[in-house]
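# Observations on the three-dimensional arrangement
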Amino acid sequence: MTTAGVTTEFPIPAAFSGPSAIAAGPDGNLWFTEGSGNNIGRITTAGVITEFPIPTAGGFPGGIAAGPAGNLWFAEPAGTNVGRTTTPGVRTEF
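One structure accompanies this document, and this report is about it. (Residues numbered from 1 in each chain as written. Predicted model: local features only at pLDDT ≥ 70, side-chain atom pairs only at ≥ 80, totals over all residues. Heavy atoms only, no water.)

### A look at the overall build of the protein
Regarding its fold elements, the protein presents zero helices and eight strands. Mapped in sequence order, the helices and strands of the protein form the string β-β-β-β-β-β-β-β. Taken over C-alpha atoms, the radius of gyration comes to 13 Å for the protein, in line with the 12 Å a tight globule of 94 residues would show. Taking the principal axes of the C-alpha coordinates as reference, the protein spans close to 40 × 30 × 20 Å. Put simply, the protein has 94 residues, and 34% of those count as buried. Of the contacts made within the protein by residues no fewer than 6 positions apart, 28% connect residues no fewer than 24 positions apart. For the protein, the accessible area works out to roughly 5100 Å², and carbon and sulfur atoms hold 63% of it. (Helix = DSSP H or I, 4+ residues; strand = E, 2+ residues; numbered from the N terminus. Rg over C-alpha atoms; globule rule 2.2 N^0.38 Å. Buried < 20%, exposed > 50% of the residue type's maximum accessible area, 1.4 Å probe, protein only. Contact = heavy atoms within 4.5 Å. Areas by Shrake-Rupley, 256 points an atom, 1.4 Å probe, with all protein chains shown as cover.)

This is the structure we're talking about:
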C-alpha cells in the first residue's frame, strides 16, 4: 500500500498457502509466513516472491519478526519449534 492508499495485491505461488504474519526484513524485503503451505516467504518491493520450506513437515509457521544479527524469527505452533531464517533463506529450528 502506498502512502496515498493505493493497494496492490501479489498472488502467492503456492495455492492455499495461508499467508498470515508479515515483517520488514533487514534486507529491505518483506518476510511472511505461509501456515498451510509450510513455508517462509520473502517478497521484494517489486513483488517478486520466493518461498522457503521449513524443515518440520506440518509445522504451520505463524508469526515472524526481525531479530538481531540480521535474522528473522518465526513460531511453529504445530511443530512445537521456534525457527530462524537468514535473509538468504537458510532456516534453523530450535
